[in-house]
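Residues per chain, in single letters:
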Amino acid sequence: MTAAKLEELTRRATVRIGPRGDPDRLWGTGFFVAPGWVLSCAHVIPGVDQPEAVGTFLVHGLHGSTPARLGYWLGGGFDPEQDLVLIRLEDDSVRHACVRLGDRSDAPSRVTVYGWRAAEGSKPQTWSGHCVINGSDGSSGLTLGPETEIPHGASGGPVLDRDRGAVLGVVKARRRGKDGGLAIAATALRGFARAVPVGGEQGLGYEPYRELIRAHDQWHHRMREEPGSAAKSWVAAQEGLVPSGERVWTPRDSAAASALLAELPPPVSTRELESLIEVAVGEEPLWPGAVAARDWRDGHGWLYETADGDDIAFLHYLLLVARTCAAERPGPAAELERWVQQRAGRLPVYYRALLKTPRIAAWVAARAAGAEAGGPVVAVELRPDAYRPQDRFHWRIWTWAEKAGCFHAWDEGDEAEGASLAELPYLLSEPLHEIFGRTDTEDRPARLEFALPVECFDEDVHLWRSRLVARSMKPDPADQPFGVHRQVVLRPLERAATPRELHRERWLGVAEGALETLPLRWPEAGSEVLEAAPAGAVPLVCRTAGDGAEPLREVIRAGYAVALWRRGDPHQAGCGTPCGDLEDRVARLLRRARQAGALPEELRMLRERISRADVDADWAEPLALLYDDPDRPLPEPAGLLNSP
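Just so we're clear, the structure is a prediction, and the values are computed from it rather than from any experiment.

1. Concerning helix α5 (residues 270-281)
Phase 1: The end-to-end C-alpha distance of α5 is 17 Å, a good match for the 16 Å that 12 residues give at a rise of 1.5 Å each.
Phase 2: Looking only at α5, the buried set comprises Glu272, Leu273, Glu274, Ser275, Leu276, Ile277, Val279 and Ala280.
Phase 3: Glycine 282 sits one or two positions beyond α5 and adopts a positive phi of about 70°.

Right under this line is the structure:
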């Protein structure tokens, strides 16, 4: 009975794809994975190599026949995982069923594949067949055994794991003249983090994989509340496959946990997720092939094969996720923690005590310690020459050992006419290398602050290095750009004197309270907006200093001690989707940081991720940070020369 129910549920969500002008013509198969979204293979869509020219086509299923268009694809290629495409219905009001996607990384064994076929001169018909997964092809390819001959038209159909009751793959191809074929593991969906939107598609935002999988889990959660719904039946059918036992993590547990995880902000990086798993189970995860985790749900799926489905491991992991997200999203995090405690009530008393492990408290304490703003600071001032202010600069270096301590002079340039910006990285490399050797502590490199004219705020000072020529094949932070391994922030020369009271008030607002993004789309938002903003506001200027320094000057004149802006390419005329995406991402960054003191380290971590080719962090490549602490005012030149 369970097998028949799962087959019917899978068929409800399986569709056929064809041209708009010929409704009986079959291109291939697909299946619904989230409201309005169909997953299929790119090669079933004629002309997909020029996706913008494909236009509208039809998706046929139990919901009827609906116009649809390409939404996202992976650019094509020879690898199986590059052959996936997401199709969007043009009518968002269509009601339909969705498959239940598994989150496991290990390959299934016994599967049923579904699709459509069309014999010569006949209308398309549904089709299915049983087979086994008998091997792999690349990082995401699954070879289908010879038990079943896959017909033409089935490409893009779902692959149902008969032992676990979830869809764990997509049919890719049949073998010519032979039985069996090739499928793509559902974990390849993680590649949609780098998907190419078609026709300006923005339905899944700037993180298509995460938004898709979260919409999938939220749909299943909503539908479970409806009597007789497909989602409720699906979880019930999966429950019938689970062996009875006291310590089993069930499909019902998985569905509830996935829905709660979908309400939380995603992990900052794969590394953050891995560190939580290490704390929860004491083991570093090894992701098969190239399918490293991108969301909390992926980490949840990894626990099946490594922790043998032990429910205490899942609860440990979920509790860590809740504590990690508590500052940024307190409501949903508290709801997840309540559910964990409720689910833990089913554990024997001696297992329940494991959830109070000191490791969780240690993890939370370590995260809090990383956000502290104290520690040593090295400051570099680049002051324009009085006679050649655009071309030559004089430099000096000083340090602060403690937040409220006195500054100490270190070095200054002796070039009478100053040095050009192109020469400065070479002139400063040795003195900075030497001073970092004295100020860096074992657990905290000194923050590097550059005091510059506002017109120079687009300079790539975070890409400078303290040692320009590597001295060994072994990795050394001194051989890397400053921004990768230490905090790099900018300060305005225009505020070198004792800070005004307004400056101090603004600093206290962001140092002690919750941060709030203040988008400035210049010239629409001007000084009035800056003056009226709340205490925790952090201005975000989407234009570069190269577009004109006036927006940043207004920010400084209004007393702001902390601000962000985009450096690099000149701003296009008008503000569009890229500006909106930047504002959304910065808003999330500020929520995670909570207070100004954590922002320099949050930005540093993003730059480190960029250096490791983490595409999820690429958006922060042009980001620069104004961080002007009034308790560390820039010293006057005479005071610097007379300092100890």
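Now that the structure has been shown, we can carry on.
2. What about the sheet that holds strand β11 (residues 166-174)?
Phase 1: Taken in spatial order, the six strands line up as β7-β8-β9-β12-β11-β10 and close into a barrel, and their pairing is antiparallel. For this sheet, the mean inter-axis angle between neighbouring strands, taken without regard to orientation, is 40°.

3. Overview of the environment of tyrosine 304
Phase 1: Relative to the assigned elements, tyrosine 304 resides in helix α6 (residues 296-306).
Phase 2: Between the alpha carbons of tyrosine 304 and arginine 104 there is a distance of 6.9 Å; along the sequence they are 200 residues apart.

4. A closer look at the confidence of the model for the chain
Regions with low pLDDT should not have their predicted coordinates read in detail.
Phase 1: Counting all residues, the mean pLDDT for the chain is 84, and 86% of those residues have values of 70 or more.
Phase 2: Note that residues 638-644 has pLDDT below 50 and, in this model, 12 contacts with residues that lie over four places away or in other chains.

5. What about the nonpolar core?
Phase 1: One finds Ile45, Ile87 and Phe192 to be the most contacted residues of the largest nonpolar core, which totals 53 residues.
Phase 2: Apart from residues no more than four positions distant in its own chain, isoleucine 87 is found in contact with Ile17, Gly36, Trp37, Val38, Ser40, Ile45, Phe57, Val59, Ala68, Arg69, Leu70 and Gly71.
Phase 3: Listed in part, the 41 residues of the second largest apolar core include Phe393, Phe457, Val461 and Leu552.

6. Some words on helix α8 (residues 330-344)
Phase 1: With 15 residues, α8 should cover 21 Å at 1.5 Å per step; its first-to-last C-alpha distance of 21 Å lies within 8% of that length.
Phase 2: Buried residues of α8: Ala333, Leu336, Trp339, Val340, Arg343 and Ala344, and no others. Viewed along the axis of α8, the buried residues span an arc of 135°, placing them on a single side of the element. Opposite the buried face of α8, at more than 90 degrees from it, the exposed residues are Pro330, Arg338 and Gln342.

7. Describing the packing of aromatic side chains
Any pair of aromatic rings gets described here by the distance separating the centres and the angle formed by the planes.
Phase 1: One pass over the full model with this rule turns up 10 aromatic pairs.
Phase 2: Each ring, one from tryptophan 249 and one from phenylalanine 314, has its centre 4.7 Å from the other, and the planes form 0°; the classification is stacked. Taken together, the residues span a long stretch of sequence, with tryptophan 249 in the loop between α3 (230-239) and α4 (251-261) and phenylalanine 314 in helix α7 (residues 311-325) at a distance of 65 residues. No difference in accessibility class separates tryptophan 249 from phenylalanine 314, as the two residues are buried.

8. Describing the packing of helix α2 (residues 208-224) against α4
Phase 1: Close contact between α2 and α4 brings their axes to 8 Å; oriented N to C, the two are set at 120°. Considered as vectors, α2 and α4 are oriented oblique to each other. Taken as a pair, α2 and α4 cross one another with a handedness that is left-handed. Contacts from Arg214, Asp217, His221 and Arg224 in α2 reach Arg252, Ala255, Ala256, Ser258, Ala259 and Leu261 in α4.
Phase 2: Within the contact of α2 with α4, the residues separate by chemical class into four nonpolar, two polar and four charged.

9. Regarding the packing of α4 against α8
Phase 1: Put simply, α4 and α8 touch, their axes get as near as 9 Å, and they point 160° apart. Of the possible angle classes, the one that applies to α4 and α8 is roughly antiparallel. In terms of crossing hand, the pair formed by α4 and α8 is left-handed. Residues Asp253, Ala256, Ala257, Leu260 and Leu261 of α4 form the contact with α8, whose participating residues are Glu335, Leu336, Trp339 and Arg343.
Phase 2: Taken together, the residues of the contact of α4 with α8 sort by class into six nonpolar, no polar and three charged.

10. Quick look at the pairing of strand β2 (residues 28-34)
Phase 1: Burial of β2 is extensive: seven of the seven residues sit out of reach of the surface.
Phase 2: Taken together, the four bridges between strand β1 (residues 14-18) and β2 define a ladder with antiparallel strand orientation. Among the inter-strand pairings, isoleucine 17 is bridged to a residue of β2, identified as glycine 28.
Phase 3: Sheet topology note: the β2/strand β3 (residues 37-41) ladder contains four bridges and is antiparallel. Residue pairing across strands places glycine 30 opposite serine 40, the latter belonging to β3.

11. Description of the pattern of salt bridges
Phase 1: All chains considered together, the criterion is met by 39 salt bridges.
Phase 2: The residue arginine 88 makes a salt bridge to glutamate 201 at a minimum N-O spacing of 2.5 Å. One end of the pair, arginine 88, is in strand β6 (residues 84-89); the other, glutamate 201, is in the loop between β13 (196-197) and α2, and 113 residues separate them in sequence.
Phase 3: Taking the shortest distance from any N to any O, the salt bridge between aspartate 298 and arginine 190 comes out at 3.5 Å.

12. Overview of unusual backbone geometry
Backbone phi values are negative for most residues with the exception of glycine, while trans is the configuration of most peptide bonds.
Phase 1: Residues other than glycine seldom take positive phi values, yet arginine 594 does so here, at roughly 70°.
Phase 2: Inspection of the secondary structure assignment puts arginine 594 in the loop between α16 (577-593) and α17 (599-611).
Phase 3: In the Ramachandran plot, alanine 613 falls in the positive-phi region, its phi being about 65° despite a non-glycine side chain.
Phase 4: Along the chain, the position of alanine 613 falls in the loop between α17 and β22 (623-627).

What counts, and where the lines are drawn
Residues numbered from 1 in each chain as written. Predicted model: local features only at pLDDT ≥ 70, side-chain atom pairs only at ≥ 80, totals over all residues. Heavy atoms only, no water. Helix = DSSP H or I, 4+ residues; strand = E, 2+ residues; numbered from the N terminus. Expected span 1.5 Å × (residues − 1). Buried < 20%, exposed > 50% of the residue type's maximum accessible area, 1.4 Å probe, protein only. Pairing = 2+ DSSP bridges. Axes fitted to C-alpha atoms, helices over the stretch in contact; angles between N-to-C directions. pLDDT = per-residue confidence, 0-100. Contact = heavy atoms within 4.5 Å. Core = buried A, V, L, I, M, F, W, Y, C linked by side-chain atoms within 4.5 Å. Arc of directions from axis to C-beta. Phe/Tyr/Trp six-rings, centres within 6.5 Å; stacked < 30°, edge-to-face > 60°. Parallel < 35°, antiparallel > 145°, perpendicular 65-115°, else oblique. Left-handed = near helix turned anticlockwise from the far one by under 90°. Nonpolar A, V, L, I, M, F, W, Y, C, P; charged D, E, K, R; others polar. Salt bridge = Lys/Arg side-chain N within 4 Å of Asp/Glu carboxyl O.

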